Amino acid sequence: MKSHNMSFQEKLLDSFIAFEQDVDLLNPIHKDRKDALKRFEELGFPSKKDESWKYTSLKSLVQKDYNLYAKSETNVELKDVKKYLLNDIDSFKIVFIDGVYSPFLSKTTHDGKDICVLSAALSKDKYKKRIKKYFNKVVPSAESLASLNTSYTKEGAYIYIPEGICPEDPVQIMHFSTGSQNSIWLQPRNLIIADKGSKIEIIERHQSLKDHSVVTNSLTEIYAERNAFVDYYKIQNDLKTSSLIDNTFISQERDSNVSVHTFSFGGKLTRNNLNFYHKGENIQSTLKGITILESNQHVDHNTLVNHAQPNCESHQDYKGIFSDRSVGVFNGKIIVDKIAQKTNAFQQNNNILIDNKSKVNTKPQLEIFADDVKCSHGCTVGQLDKEALFYLKTRGIPEKEAKALLTYAFANNVLESVNIPNLKTRINSLIANKLGVNLGFDL
Amino acid sequence: MLEINNLHCKIEGRSILKGINLKINKGEIHAIMGPNGSGKSTLANVISGHEDYEITKGNIFFKDQEINEFSPEDRAHEGVFMSFQYPVEIPGVTVTNFIKTAINESRKSKGLDEMPSSEMLKKIREKAALLEIDSNFLSRSLNEGFSGGEKKRNEIFQMAMIEPELAVLDETDSGLDIDALKIVANGVIKCSNDNNSVLVITHYQRLLDYIVPDYVHIVMDGKVVKSGDKDLAKKIEEIGYDWLKNEKS
Amino acid sequence: MAYTEEELKKQLETKEYEYGFYTEIDSETFPVGLNEEIVKAISKKKNEPKWMTDWRLDAYSTWKSMEEPNWSNVKYEKPNFQDISYYSAPKKKPDLKSLDDVDPELLKTFDKLGISIDEQKRLSGVAMDVVVDSVSVATTFKDTLEEKGIIFCSISEAIQNHPELVRKYIGSVIPKKDNYYAALNSAVFSDGSFCYIPKGVKCPMELSTYFRINQAGTGQFERTLVIADKSSYVSYLEGCTAPSRDENQLHAAVVELIALDDAEIKYSTVQNWYPGDKKGKGGVYNFVTKRGICHERSKISWTQVETGSAVTWKYPSCILKGNNSIGEFYSIAVTNNFQQADTGTKMIHIGKNTKSTIISKGISAGKSQNSYRGLVQISPFAKNARNFSQCDSLLMGNKCGAHTFPYIEVQNKSAQIEHEATTSKIGEDQIFYCNQRGIDTEKAIALIVNGFSKEVLNKLPMEFAVEAQKLLEISLEGSVG
């Protein structure tokens, strides 16, 4: 029975024909798009019946209607967005306004490495081989939202760091939404390849410039070849009218080291699907996050580390602080395959509930098929230490600051592994800001 | 008691022992010294029958029978005891429970009944007193959370309980302060008599001040390069091993 | 030197199920299949009052509309519910007043099980109710218990003699429609145990039920109801065995515990149903629903040692409704060969200052799969709730799996929840250390496994702890990590 209004899901399916007018149908990836659309058609949006969506409902989001494109040209100047960028260091920048690349605000390069946009890479022959080798290779077909993103692949960051190259400057990937449409659905697609022995640092941020209904269904593929280092930072501090579904899939070859830090402070509903797949031995994977929520914010960290090779290590450490009516979800899965002997896999999830209306649902899972492994997970839910709070107050620190100090201390070990000092400072000030304090100590 | 002839052995394809000869008679105390990596601990493990070590040549006789192919537990039943350099933790198994099992398994192999509880208890008390171990210690999980000293003391306590004919002490002195060292050494001496033998493997001469050996052997690069009496150990302490580099046994 | 892994594996595979014998007892078995008539026939056979028959029929119609659950981490061939006989009773009706009248064959069965009723009676002072296939055949120590006002009998008797208690509490913790297997049980249960401890009475002895599936092609659907009235105390033991058979047998029990204000119930299970042979053929499907409700200041403690069954699916749970109530769950689950276990608990915190503790030890060997699945839920009203959970897994060999699925849902800020899980194996260095002390590899494994499980074994009543230790040893013979 068809409802009177076309559902958004149908709209996504129907709009594909229009989308096809806009892209190169002869590009080999177009088959990926079409296959993915078919799968999305079969799977639809996930519902609470899906085990991995037990605690997060997309219903209220996908019941609404969204525009799939921005209104023509939008005039955004550097001064409008400057405060969201890290400006005090040299960096490459790939900036998108309402899903459209802004060369004016960006700083890209093809000099000894490619830090540019996917549309450009798709259109040029010299990238064809590499795109064919990597594009969509690590994305499992059963993921409906990933399939949806794949079907509308058009724009995003494209980064290729050749063998042995270690750029000193990090890359900032910025997605701004201007509110030129009342509601918009964005689907950026990033492809990041770190070839053998290379190293790259990336900071990613999604930001609305004014209150409006925006949902971003983003997908990032990261390929770390042998002995490559990738350091990825996600800053999620968006307005409370914006929602984000972040799908990140990471493929690691032997001796590589990938770490992803996720800082979730803003946004209305955020779902982070972070998946690590191991393809060789002696791999290191790090997943860390700080989540600080208030009002009716909802953040769901859904992680997977699939240990498929021997002698690899993974470390997960997620801290959450929840006040008001906010909801935190941690759904972390570690799979250790039969052959993945000598795996070390550790997972920690610690939460503090500040208010009685806030909720935490946590589900750390271990699925172990190899015997010679060290795997553990720990998870706690509690409050700030009352004794410590009292101690601080007797030293003259007011309640609010004392709480902030303790919260900061609680989350601090996640920050220790942030390798870009200016970024660490920025995160510190975001935390202070979120906690509503101006802390008198060095942040 | 123990006779080792031209013993060669390998671990993971690497040759460690390259022709060890050693003879220990009843009632004797022998000491083996040598620099790091010379094969001292390997020798202890081979005597105990560790599966990772492959005997490629030579043989080990214990009480006049060749034990090359004996399993570790069979050797233990025959009367071989090794005090481990790094005693292993077994969570949830108490010291008492462990030693009871060990003693009764040995008795079972000899066709004896289990030791009556009262006798066991009496013996535990007696030997615990010898090593100045208090009763709380006996109900803790084996080696779990033990200090270095406690672990070693526990090894010697087990030795005292099991009453082996040959005790191999692998670096029992490492990680011990002087007081603990005295207690451990005292325990070993009180247990030794004319019918059993002790093989002390050590890095330092210090222990030999308390457990005075009849013979001292220096092992270098998988061979015994020099044997002598306790003065040899003193000499090593003073001038090190370098002068022995060109010696052939 | 010592064993090679191959030798050990071979030895393990050839190890037979120690309790795999079948007793020749004349029994009266219903035709296979399930329909309304069978449900009515069971009820009629037991001479039940109309309310009970109606209750069963209601459960049956609910069951018909339900779908078999699919969500747990186990794979098995679904039972054909029309191929099972829903009633099998030893034919010679034993006179419950005297053990002498019990079928001698049956007594031999218990002798083989090492639980001769007589011996139990004399030595350990444990009062026993024995359920074979589906029917309760012997209850000991009735008089002693009656003096204290304790009712301990089969549930069929309770329906006849204490209908007011049964009617009030049956289905009050586990509603008929709670889940597929609970609904099935509610429709067709043929017997089980009933226990009521009056106000202020501390039950002077352990109460015990022994379950055995004997007849081929039968399912066992026993129903246990334990009510501890205000300020009373009871420790209840449950043991299970089944003979080895090629086909899979179904065991779908329901256990309901009610701890009224200030009462305490300790419920211990040693489950050793036939696990199937080394190829994974046969074995019992153990789909059990167990749940207790705690009123003010009361305490329910579940302890289980699960070594048997081809497939186990059970989550003994506590609803901590009363303020200051306490729930505990201590579990050892051992799987070997092709066994699958998906077990854990649910701790539902509703009252203020409620506390729960979960200690789960999973040991996997052979090609088995062992999962812990648990829920800790803190409702918005459960101020100052506390939970501590620890789930440890031990893997032996590289063909088995150990899985942990804890669900933690917290809706009150004053809650304090801690969950820890670890996975480890038996170290070769541990084995060598034991060998050097004269302990062979088999014995060393038993010792290490016992140590690993100790926190739970300590929770069992003395008589059961010894049996449980022996079972652990038997279940794991020859499996080396």
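Anything mentioned here points back to the structure above.
Because the structure is predicted, anything quoted here is derived from the model rather than measured. (Residues numbered from 1 in each chain as written. Chains lettered and ligands numbered in written order. Predicted model: local features only at pLDDT ≥ 70, side-chain atom pairs only at ≥ 80, totals over all residues. Heavy atoms only, no water.)

S.K.: Mind showing me how you'd approach the overall build of chain B here?
M.R.: Tallying secondary structure elements over chain B gives eight helices and twelve strands in all. Its C-alpha radius of gyration of 18 Å places chain B within 12% of the 18 Å reference for a compact globule of 249 residues. Dimensions of chain B along its principal axes, counting C-alpha atoms only, are 55 × 40 × 35 Å. The burial tally for chain B puts 53% of its 249 residues in the buried class. Sequence separation of 24 or more characterises 69% of the internal contacts of chain B that already satisfy a separation of 6 or more. (Helix = DSSP H or I, 4+ residues; strand = E, 2+ residues; numbered from the N terminus. Rg over C-alpha atoms; globule rule 2.2 N^0.38 Å. Buried < 20%, exposed > 50% of the residue type's maximum accessible area, 1.4 Å probe, protein only. Contact = heavy atoms within 4.5 Å.)

S.K.: What's the story with the overall build of chain C in this structure? I'm lost.
M.R.: Helices and strands together make up the secondary structure of chain C, namely twelve helices and 24 strands. When contacts within chain C are restricted to residue pairs at least 6 apart in sequence, those whose partners lie at least 24 apart make up 84%. Within the structure as shown, chain C displays about 17000 Å² of accessible surface, and the carbon and sulfur contribution to it stands at 47%. (Areas by Shrake-Rupley, 256 points an atom, 1.4 Å probe, with all protein chains shown as cover.)

S.K.: How do you make sense of the interface of chain C and chain A when you look at a structure like this?
M.R.: Taken together, the contacts link 32 residues of chain C with 35 residues of chain A. Counting each side, the surface lost to burial between chain C and chain A is near 2800 Å², with a carbon and sulfur contribution of 47%. When contributions to the side of chain C that touches chain A are tallied by element, the ones reaching two or more residues are β23 (401-410) and β24 (416-425) of chain C. Across the side of chain C that touches chain A, the residue classes tally to eleven nonpolar, 15 polar and six charged. (Buried area = accessible area lost by both parts, 1.4 Å probe. Nonpolar A, V, L, I, M, F, W, Y, C, P; charged D, E, K, R; others polar.)

S.K.: Please explain the sheet that holds strand β4 (residues 53-62) of chain B as it appears in this structure.
M.R.: Neighbouring strands of a sheet are bound in pairs by backbone hydrogen bonds; such pairs are parallel or else antiparallel. Residues and elements named next belong to chain B. A sheet is described by the order of its strands in space; here four strands give the open sequence β2-β1-β4-β5, paired in antiparallel fashion. With one partner strand each, in any of the chains shown, β2 (14-24) and β5 (65-66) form the two edges of the open sheet. Summarising the sheet, strand β1 (residues 2-11) and β4 pair through eight bridges and their orientation is antiparallel. Across the sheet, the residue bridging to lysine 10 is glutamate 54, located in β4. The strands touched by helix α1 (residues 40-48) are β1, β2 and β4; relative to β1, the strand with the most contacts, the crossing angle is about 110 degrees. (Pairing = 2+ DSSP bridges. Axes fitted to C-alpha atoms, helices over the stretch in contact; angles between N-to-C directions.)

S.K.: What am I meant to see in the packing of helix α3 (residues 95-109) of chain B against helix α6 (residues 148-162) of chain B here?
M.R.: Geometry of a packed helix pair, given as the angle between the helix axes and the separation of the axes. Residue and element names in this part refer to chain B. Direction vectors running N to C along α3 and α6 enclose 35 degrees, while the axes themselves pass 10 Å from each other. Crossing hand, α3 versus α6: right-handed. In this structure, α3 uses Val95, Phe98, Ile99, Ala102 and Ile103 to contact α6, whose residues at the interface are Asn154, Phe157, Gln158, Met161 and Ile162. Of the residues that constitute the contact of α3 with α6, the class distribution is eight nonpolar, two polar and no charged. (Left-handed = near helix turned anticlockwise from the far one by under 90°.)

S.K.: Teacher, can you tell me more about the pairing of strand β13 (residues 269-278) of chain A here?
M.R.: Strand residues, when the strand is regular, have side chains that alternate between the two faces of the sheet. Residue and element names in this part refer to chain A. Of all ten residues that make up β13, ten are buried, and the element is covered over most of its length. Residue alternation in β13 divides its side chains into two sets, Leu269, Arg271, Asn273, Asn275 and Tyr277 and Thr270, Asn272, Leu274, Phe276 and His278, and both sets are buried. As paired elements, strand β11 (residues 242-252) and β13 share ten bridges and run parallel to each other. Bridging across to β13, aspartate 246 finds its partner in asparagine 272.

S.K.: I tried to follow the environment of Asn35(C) on my own but got confused; where do I start?
M.R.: All names here are of chain C. Structurally, asparagine 35 can be placed in the loop between β1 (27-29) and α2 (36-45). Taking relative accessible area as the criterion, asparagine 35 reaches 36% and is therefore assigned partly exposed. Separated by 29 residues in the primary sequence, asparagine 35 and lysine 64 place their C-alpha atoms 9.5 Å from one another. Engagement of the side chain of asparagine 35 in a polar contact is seen with the backbone nitrogen of glutamate 37, the distance being 2.9 Å. (Polar contact = N/O pair within 3.5 Å; in protein donor to acceptor, adjacent residues only side chain to side chain.)

S.K.: Please explain the layout of surface pockets as it appears in this structure.
M.R.: Regions of empty space are outlined by a rolling probe, equal in size to a water molecule, passed over the atoms. Taken as a whole, the largest pocket encloses approximately 1100 Å³ of empty space. Lining the largest pocket are 38 residues; nearest its centre among them are Asp50(A), Glu51(A), Ser52(A), Trp53(A) and Lys363(A). Secondary-structure elements contributing two or more residues to the lining of the largest pocket are α8 (144-151), β13, β15 (298-307), β17 (327-336) and β19 (359-368) of chain A together with β21 (369-378) and β23 of chain C. The residue inventory of the lining of the largest pocket, partitioned by class, reads 15 nonpolar, twelve polar and eleven charged. Looking at the second largest pocket, its volume works out to about 860 Å³. Lining the second largest pocket we find 30 residues, and of these Asn97(B), Thr101(B), Leu447(C), Asn450(C) and Gln469(C) sit closest to its centre. Only β7 (90-94), α3 and α4 (117-130) of chain B together with α11 (441-457) and α12 (462-476) of chain C provide two or more residues apiece to the lining of the second largest pocket. The residue makeup of the lining of the second largest pocket, split by class, is eleven nonpolar, eleven polar and eight charged. (1 Å grid on protein atoms, 1.4 Å probe; cavity = no way out; pocket = protein on both sides within 12 Å on 5 of 7 lines; lining within 4 Å. Points joined across faces, edges and corners; volume = space filled by probe spheres on them.)

S.K.: Help me understand the interface of chain C and chain B in this model?
M.R.: The accessible area lost on association of the parts is a frequent measure of interface size. In this complex, chain C contributes 20 residues to the contact, which on the side of chain B involves 35 residues. Taking both sides of the interface into account, the surface hidden between chain C and chain B amounts to around 2400 Å²; carbon and sulfur atoms contribute 65%. Linking chain C with chain B are one salt bridge, by the criterion used here. A salt bridge links Glu155(B) to Arg437(C), with the shortest nitrogen-to-oxygen separation between them at 2.5 Å. Along the contact surface separating chain C from chain B lie twelve residue pairs in polar contact (both at pLDDT 80 or more). Broken down by secondary-structure element, the contributors of at least two residues to the side of chain C that touches chain B are α10 (428-436) and α11 of chain C. Within the side of chain C that touches chain B, the residues separate by chemical class into nine nonpolar, six polar and five charged. (Salt bridge = Lys/Arg side-chain N within 4 Å of Asp/Glu carboxyl O.)

S.K.: Please explain helix α10 (residues 399-415) of chain A as it appears in this structure.
M.R.: Along an α-helix, residues three or four apart share an orientation, since each turn contains 3.6 residues. All names here are of chain A. Its 17 residues give α10 an end-to-end C-alpha distance of 24 Å, which sits within 8% of 24 Å, the value for a rise of 1.5 Å per residue. The largest bend along α10 measures about 35 degrees and falls at alanine 409. Taken residue by residue, α10 has Ala402, Ala404, Leu406, Thr407, Tyr408, Phe410, Ala411, Val414 and Leu415 as its buried positions. Against the buried residues of α10 lie β12 (257-264), β14 (284-293), β16 (313-322), β18 (344-353), α9 (386-394) and α11 (421-434). (Expected span 1.5 Å × (residues − 1). Bend = angle between axes of the 7 residues up to and from the residue.)

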